[in-house]
Amino acid sequence: MSPAELLRLIPDPPQALCDILSHTQGAIEPPIRSEIFGLQRFAQHGRSLGETHRAQRSRSFRASFFPRLRNNIQTLRAAHRYIGVQASTGYDISPAAEWLLDNFHLIEAQLEEIHEGLPRRYFRALPVLIDEPLAGLPRIYGVAWAFVAHTDGDFDEALLIHFLSAYQEARELNLGEMWALPTTLRVVLIENLRRLAERVANNKAAREVANLCCDRIDSVSADTLDQLLAMLDSRGVGRVFLGQMTQRMQDGRGQVAGVGDGAEPQPHKRASDRPDDRAEQHEWLRRALPDPALMQAQQHAEKTADNLSVSNAVSSLRAIGDADWPDIVARSSTLMRLMLTSPVFE
């Protein structure tokens, strides 16, 4: 959604709202989050992943092994600015948004940690995956991605060593890959935080658009609502827009029916005391959202999951810096275990 499109449909939208909705194109990507594995299931997954991870030496000197890292930081900064504006003007914000506001200095510091961790030429020497979806990226990036996905970004040294050991029962990782792991984990966690922050910010933006519509509900036609919904659907936040519209309109006057991040409080602005004046808008909303209770339950579950994912990612960025990586490498590298148990090194 461009600022011009939003301005055409809603008079005088705040600049911060235009900025966040026009910051990137396409639908917001889902978080890096999958089924949480216990020890036994993680070992099975590690072995199966090792069996399927075909790799080769990189043939390109220009290959980037820091996927869209700079763009991730820019997107995180844009989301941080918008959430900060919302918080400063009195809107309730979710725990995920609070984590992002309170810990953004740590997230930005990771950019320097990543750049200083290992030079890019080091990563260009690592084996790269042959098959999609991560073709052309280092094999260790695929290992880090799987670990983050199946732990919900919750860093655990013992579980990581267990996973790496199981993986290497099928395919050995070289020492270069093992030493690249802490930096690679940071890169994957930053990628996940970008996705989560973008979703938190755009969800709030969709609610703000709904609030602006409800504040002017008598002048907002069903055609305008259709266009707004299509634009927000293209970003993946159309359901959030519909949910906030329902919250605002369910008492027949456009008043807010709840509080919190799922139904943001607004000053009451009387558009009309007669619900019949807005029959067209109510009918449009019924068609667009036939089961609001189900949708609200789904959004509540997603918000709870996002809150946990953000807190895990932020905590893990700290934990990775504090971890004893020489010990982790020594305990999980096949080569290091052989060397440490060889009489030659006694």
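Only a predicted model underlies this, so the values are computations on that prediction, with no experimental measurement involved.

**Some points on the nonpolar core**
Among the nonpolar cores identified, the biggest contains 97 residues, and Leu-185, Val-209, Phe-241 and Met-245 are the most heavily contacted of them. Per-element tally for this core: the top contributor is helix α10 (residues 175-215), with 20 residues. Dropping the residues within four chain positions of it, Phe-241 is found in contact with Ala-206, Val-209, Ala-210, Cys-213, Leu-225, Leu-228, Leu-229, Leu-232 and Trp-284.

**Details of helix α13 (residues 279-288)**
All buried positions along α13 are accounted for by Gln-281, His-282, Trp-284 and Leu-285. For α13, the angular spread of buried residues about the axis comes to 160 degrees, placing them on one side. α13 presents Arg-286 and Arg-287 as exposed residues on the side facing more than 90 degrees away from its buried surface. Here the buried face of α13 lies against α11 (222-235) and α12 (238-249).

**Focus on the side chain of Arg-195**
Note on placement: Arg-195 falls in helix α10. With relative accessibility at 11%, the residue Arg-195 sits in the buried group. With near-sequence residues (within four places) excluded, Arg-195 lies in contact with Ile-28, Glu-29, Pro-30, Pro-31, Ile-32, Arg-68 and Trp-145.

**Thoughts on the confidence of the model for the protein**
Any residue range with low pLDDT should be treated as having predicted coordinates unsuitable for detailed reading. Here the protein averages 85 in pLDDT, and 85% of its residues register 70 or above. Within the protein, helix α16 (residues 334-341) has the poorest average pLDDT of any element, 62, and helix α8 (residues 139-151) the best, 97. Predicted confidence for residues 253-260 stays below pLDDT 50, and this span has 24 contacts to residues more than four positions away or in other chains. Low pLDDT (under 50) marks residues 267-275, which in the prediction has 14 contacts with non-local residues, meaning those over four places away or in another chain.

Parameters at a glance
- Residues numbered from 1 in each chain as written.
- Predicted model: local features only at pLDDT ≥ 70, side-chain atom pairs only at ≥ 80, totals over all residues.
- Heavy atoms only, no water.
- Core = buried A, V, L, I, M, F, W, Y, C linked by side-chain atoms within 4.5 Å.
- Buried < 20%, exposed > 50% of the residue type's maximum accessible area, 1.4 Å probe, protein only.
- Helix = DSSP H or I, 4+ residues; strand = E, 2+ residues; numbered from the N terminus.
- Contact = heavy atoms within 4.5 Å.
- Arc of directions from axis to C-beta.
- pLDDT = per-residue confidence, 0-100.

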